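Report on the structure
Listed here are the chains, written in short residue letters.
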Amino acid sequence: MDIIIIPCYNEENRFKPAQWLEFIESNQFLNFCFVNDGSEDNTLLILKTHFDDVRNVKILSFEENLGKAEAIRQSILLMGDNYDNSVFIDADLEIPLQQITKLLEFKKKNKEALVCISNRINTYSITSFKRYLGSKFINKLANLILAFPFAINDTQCGCKLISRDVISIFNEPFISSWLFDIELLLRLKYQFSIKQKQIGIVDLLSLNETNDKGNFPTRVMFKLLGELYTINKTYN
């Protein structure tokens, strides 16, 4: 069995319950867990209204906002050991839900994979060019920190699959709030000596339009650079 973990924070004005319900109902063999991360709006009410009675859906709710990294970490620690694989994906559906299916199908065909990473291909056309360049720059630095003998073209896409065999990488809190994906890969490198064949790369060819992910302010870039410095100093 597999579980899909969906962190939610203040999703009231962008959550699309009909699309989620359609996907959930057509994938009864999967389990879903919506995680309300201390939302200050009606996110929890919306989740309960639409999913309380759905057999293969669980709802977790944290009173305080933990941040995406910690919300995912605690959710996987609570439930991940009961499932073969845990997939996490953002609630806003910028990443099409079919990407979940693609990750699970890849894992089924490649049983040695310990993690499967979504790899965005030419998706910058619907995002700001500034965000695209910023993401490329951060990814270049991330690969220098990871220092694998192979490159990972997209470390930051918010849809990944983690095998139960390595969920111990979630035992300790992450030091980064925004770049925990890099920490995941570093923990896999140092704790499991992960090899290239154990990292599945699954292409993501399109993104859905969203209203709040087009900008990449300069202050965000400085925050990310600071987190990269801290990650490198801590792990390397």
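First, a word on what this report is: a plain description of the structure on this page. What you are looking at is a predicted structure, and each value in this text was computed from that prediction instead of being measured.

**So, the packing of helix H6 (residues 180–192) against helix H7 (residues 218–235)**
Where H6 contacts H7, the two axes come as close as 11 Å, and the packing angle between them is 15°. One element, H6, and the other, H7, form an angle in the roughly parallel class. The handedness of the crossing between H6 and H7 is right-handed. Residues Ile182, Glu183, Leu186, Arg187 and Tyr190 of H6 form the contact with H7, whose own contacting residues are Leu228, Ile231 and Tyr235. Split by residue class, the contact of H6 with H7 holds six nonpolar, no polar and two charged.

**Concerning the side chain of Asn139**
With respect to the helices, strands and loops of the structure, Asn139 is situated in helix H5 (residues 129–146). Sequence-distant contacts of Asn139, defined by excluding residues within four places in its chain, comprise Ile152, Asn153, Asp154 and Thr155.

**Side note on the environment of Leu184**
Here Leu184 is to be found in helix H6. For Leu184, the residues in contact, after removing those within four places along its chain, are Phe88, Ile169, Phe170 and Phe174.

**Side note on the sheet that holds strand S7 (residues 199–204)**
Strand order in the open sheet formed by seven strands is S3-S2-S1-S4-S6-S5-S7, with mixed pairing between adjacent strands. Looking at the sheet topology across the chains shown, the edges are occupied by strand S3 (57–62) and S7. Averaged over all adjacent pairs, the angle separating strand axes in this sheet is 20°, with direction ignored. Sheet topology places strand S5 (residues 115–120) next to S7; six bridges connect them, and they run parallel. Bridge assignment links Val115 to a residue of S7, and that residue is Ile199. In the packing of helix H2 (residues 43–51) onto the sheet, contacts are made with strand S1 (2–8), strand S2 (31–37) and S3, and the angle to S3 comes to roughly 165°. Lying over the sheet, helix H4 (residues 98–109) contacts S1, strand S4 (85–89), S5, strand S6 (159–163) and S7, oriented at roughly 145° with respect to S7.

Cut-offs applied
Residues numbered from 1 in each chain as written. Predicted model: local features only at pLDDT ≥ 70, side-chain atom pairs only at ≥ 80, totals over all residues. Heavy atoms only, no water. Axes fitted to C-alpha atoms, helices over the stretch in contact; angles between N-to-C directions. Helix = DSSP H or I, 4+ residues; strand = E, 2+ residues; numbered from the N terminus. Parallel < 35°, antiparallel > 145°, perpendicular 65-115°, else oblique. Left-handed = near helix turned anticlockwise from the far one by under 90°. Contact = heavy atoms within 4.5 Å. Nonpolar A, V, L, I, M, F, W, Y, C, P; charged D, E, K, R; others polar. Pairing = 2+ DSSP bridges.

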